[in-house]
Amino acid sequence: MSQRPGDRPNETQMRTRIRLRQLALVEALGIEGSLHRAGERLGTTQPNATRLLQELEKTLGVTLFERTKAGLLPTEHGRVMVRHARVLLADLEHARRELEAVSEGLEGTIRVGLLSSSDPALLAAAIARLERSRPAGTLRIRIVEGAYDPLLEQLMRGEIDLLIARSRDDRRSGDVTSEVLFQDDFLVVCGVDDPLGAATIGDPAALLEPTWVLPARASVMRRNIDLRLLAYCGATPSRVIESFSVPTTLALLGHGRHVGIMPERMAFAFESLGLLRRVPFDLRAATGPTVLLRRSTNAPSPTVQSFIDLLRQEAARLQVADGATPTP
């Protein structure tokens, strides 16, 4: 179905002609790739599912799915609608949960993603301030920890409200707003008895002897670290364990010769507890700033907006405490 300029629906038509059941079908087709299975997922028959899809395609003036031997595959227009259908349905589910929360006496909910490698100090400080400003038991806060890619997908699908992450170029984040919070450097760390924890490194090749615990090879940070090591040592580590988990790194430092990276504040805190030592190797050029990501296609709730303001304030306070100028 080709689209002519006159066929394009206007805003009013998009709002009044598209039904939630059609969006649910588009989402199901994106998962199942079959009208029969998508219909079963929605509790309807294949003929009804076919009719819903045809009506939606007529409204939009485009073909959303093509029949192939592998089943129904989304066209370029279809991929756009699958993505937006997921977001809209996730927003509707979030609205349902917020209504439920209000009925239970809660003022609001916040769902925030945090990288497993991130320093949680900023998040914890902002949560504490938000809790002090609200009556007890009126907030529902959910923290989702994990890796960048799945967390970004959850943010884009509307399953979390905010994501605290490291800045990076990502073509998938076209519908995401990125705001720099602060620059938090990473340090190289080793076990408490490792000779690399000495005041200086006399032999650059000594850095390559232990097993390194590093982010995945495809990550920007890993590539930057490899470049720094290559420039300083003439080579990159031959033994690498790919992990960006702070608890995993900390555990490995206590077993054999391992070297890892860790956010600066966490490294200092663990060193003060006698759990690790810092290695005098500068990584600052390899790490980007900490950013706050949120979807640009919807406005945050009043509770989420209040939390965003507190994150900004705490980020500025942390920068000042570190002796740096807050990020504009």
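Preceding this section is the structure that the text describes.
Residues numbered from 1 in each chain as written. Predicted model: local features only at pLDDT ≥ 70, side-chain atom pairs only at ≥ 80, totals over all residues. Heavy atoms only, no water.

Further remarks concern the packing of helix H3 (residues 35-42) against helix H4 (residues 46-60). For the pair H3 and H4, interaxial distance at closest approach is 8 Å and the crossing angle is 100°. If you check the angle between H3 and H4, you find them roughly perpendicular. The segment H3 lies against H4, with Leu-35, His-36 and Gly-39 engaging Gln-46, Ala-49, Thr-50 and Leu-53. Its residues assigned to classes, the contact of H3 with H4 comprises three nonpolar, four polar and no charged. (Axes fitted to C-alpha atoms, helices over the stretch in contact; angles between N-to-C directions. Helix = DSSP H or I, 4+ residues; strand = E, 2+ residues; numbered from the N terminus. Parallel < 35°, antiparallel > 145°, perpendicular 65-115°, else oblique. Contact = heavy atoms within 4.5 Å. Nonpolar A, V, L, I, M, F, W, Y, C, P; charged D, E, K, R; others polar.)

Glancing now at empty space enclosed by the protein. Following the criterion strictly, the structure yields two cavities of 30 Å³ or more and no others. In this structure, the largest cavity spans a volume of roughly 110 Å³. Lining the largest cavity are 14 residues, and of these Ser-118, Asp-119, Ile-164, Phe-182 and Thr-290 lie nearest its centre. Secondary-structure elements contributing two or more residues to the lining of the largest cavity are helix H6 (121-132) and strand S5 (162-166). When residues in the lining of the largest cavity are grouped by element, the largest group, three residues, is from S5. Per-class residue counts for the lining of the largest cavity are eight nonpolar, three polar and three charged. (1 Å grid on protein atoms, 1.4 Å probe; cavity = no way out; pocket = protein on both sides within 12 Å on 5 of 7 lines; lining within 4 Å. Points joined across faces, edges and corners; volume = space filled by probe spheres on them.)

This part is about the sheet that holds strand S9 (residues 240-242). The strand order across the open sheet built from five strands is S9-S8-S10-S7-S11, with neighbouring strands paired in mixed fashion. In this open sheet, the two strands that pair with only one neighbour each are S9 and strand S11 (277-279). Along the sheet, successive strands turn relative to each other by an average axial angle of 35°, direction set aside. Pairing analysis gives three bridges linking strand S8 (residues 211-214) to strand S10 (residues 258-263), with the strands arranged parallel. Opposite Thr-211, over in S10, you have His-258 as the bridge partner. Strands strand S7 (186-190), S8, S9 and S10 of the sheet are contacted by helix H9 (residues 246-253), whose axis makes an angle of about 145° with S10. The strands touched by helix H10 (residues 264-272) within the sheet are S7, S10 and S11, with S10 carrying the most contacts at an inclination of about 120°. (Pairing = 2+ DSSP bridges.)

Its boundaries defined by the atoms lining it, the second largest pocket holds a volume of some 360 Å³. Put simply, the parts of the chain that give the lining of the second largest pocket at least two residues each are helix H1 (11-17), helix H2 (20-32) and helix H5 (76-103). At five residues, the largest contribution of residues to the lining of the second largest pocket is made by H5. Tallied by class, residues from the lining of the second largest pocket come to eight nonpolar, one polar and one charged.

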